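One letter stands for each residue in the lines below.
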Amino acid sequence: MIEIEGLTVRFGGVTPIRTMDLTLPATACGVIGPNGAGKTTLFNVLSGFVTPAAGHVRAFGDDLLALSGHRRARWGLRRTFQTEQAIEKLSVYDNVAMVHEHTGGRRRDRRRDVFAALEFVGLSVSPSAPVGALGAGERRLVELARSVVGRPRVVLLDEPAAGLPDEETGRIGAVIRRIPADLDAMTVLVDHDMNLVSACCEVTAVLDFGRLIAVGPTQEVLRDEHVVRAYLGTEEAA
Ligand SMILES: Nc1ncnc2c1ncn2[C@@H]1O[C@H](COP(=O)(O)OP(=O)(O)OP(=O)(O)O)[C@@H](O)[C@H]1O
Ligand SMILES: [Mg+2]
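What this report covers is the structure whose coordinates are included nearby. (Residues numbered from 1 in each chain as written. Chains lettered and ligands numbered in written order. Predicted model: local features only at pLDDT ≥ 70, side-chain atom pairs only at ≥ 80, totals over all residues.)

**Structural notes on the site of ligand 1**
Threshold: The criterion for a residue being near a molecule or strand is a backbone-placed C-beta atom within 6 Å of that molecule or strand. By the criteria applied, helices consist of DSSP H or I runs no shorter than four residues and strands consist of E runs no shorter than two, each listed in order from the N terminus. Residue classes follow a fixed rule: Ala, Val, Leu, Ile, Met, Phe, Trp, Tyr, Cys and Pro count as nonpolar, while Asp, Glu, Lys and Arg count as charged, and any other residue, Gly among them, counts as polar.
Contacts to ligand 1 come from Phe-11, Val-14, Pro-16, Gly-33, Asn-35, Gly-36, Ala-37, Gly-38, Lys-39, Thr-40, Thr-41 and Gln-82. Contributing elements (two or more residues each) for the shell around ligand 1: β2 (14-24) and α1 (39-47). Its residues placed into classes, the shell around ligand 1 shows 4 nonpolar, 7 polar and 1 charged.

**Considering helix α5 (residues 136-148)**
Under the convention used in this document: Take the number of residues in a helix, subtract one, and multiply by 1.5 Å to get its expected span. With C-beta atoms placed from the backbone, a residue counts as buried when 20 or more other C-beta atoms lie within 10 Å of its own, as exposed when 12 or fewer do, and as partly exposed for counts between those limits. Remark: residues whose backbone-derived C-beta atoms lie within 7 Å of one another are considered to be in contact.
Compared with the 18 Å implied by 1.5 Å per residue over 13 residues, the 19 Å span of α5 between its first and last C-alpha is a close match. Among the 13 residues of α5, 10 are classified as buried, and the element is accordingly described as predominantly covered. The complete set of buried residues in α5 reads Arg-139, Arg-140, Leu-141, Val-142, Glu-143, Leu-144, Ala-145, Arg-146, Ser-147 and Val-148. Against β6 (77-79), α3 (92-102), α4 (110-121), β7 (154-158) and α6 (166-183) lie the buried residues of α5. Positive phi shows up at Gly-150, right after α5, with a value of about 85 degrees.

That's the geometry; what it means functionally is another story.
Following this line, the structure appears as structure tokens:
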């Protein structure tokens with residue numbers, strides 16, 4: 001569970017998040033909203049890349065903002081980024097091992113934990129293959145393995161399947177859906193693909209211009225007339 005209170009973020013004259021109160025109560029949550037709504041900025045606050053102007057954030061009762069970004073990673077906060085982070089020249093194994101090291105995983109557990117993460121995401125390529133040699137879907141699975149290696153407690157996924165064809169998106173979705181029960185970690189998924197959000201998220205929050213406009217059970221939220229107008233309407237009209 002993540003509890004956000006009075007969160008405000010300012011970048012000069014821009015206020016991408018305005019006095020937002022939001023509780024994400026379920027183990028599988030979604031955050032949707034149009035481009036520029038503040039979704040990635042919210043993830044940046046949760047993971048420590050952005051310091052908010054005001055507000056409080058608690059995750060499972062712990063005050064996240066009181067921890068440095070580094071301590072949050074050790075606490076169990078993980079994320080993927082809208083742009084791929086894996087280093088092309090390094091092997092699949094080393095890319096995942098690198099995150100294990102940064103998140104405070106013990107060296108003697110590293111091999112076991114990295115292989116467990118690769119198996120969890122169902123990556124069948126050789127662990128010694130350089131990431132640069134992989135296809136787009138496999139690279140996204142490497143990003144996912146990086147976000148679950150070790151002992152994650154909260155996994156923030158920022159458009160983890162963007163640009164992939166439906167079949168590969170389905171594969172990514174199947175992995176995301178297993179995270180809460182199999183790894184005992186909460187997932188928060190940001191995506192523009194409503195099929196993926198419906199498949200992976202029990203509860204979904206909708207942001208628009210830095211404000212929360214709806215939150216609740218995913219299917220109800222996607223039917224909400226304000227949400228359809230603010231966001232989905234443009235898709236339906238297309
Ligand atoms: N470092 C920054 N400096 C100034 N403005 C920023 C910065 N980062 C984001 N913004 C602005 O904050 C707003 C929210 O951006 P954000 O990236 O959080 O949107 P988003 O909901 O993730 O959008 P998308 O769906 O396109 O990824 C936008 O207006 C963006 O231009
Ligand atoms: Mg974004």
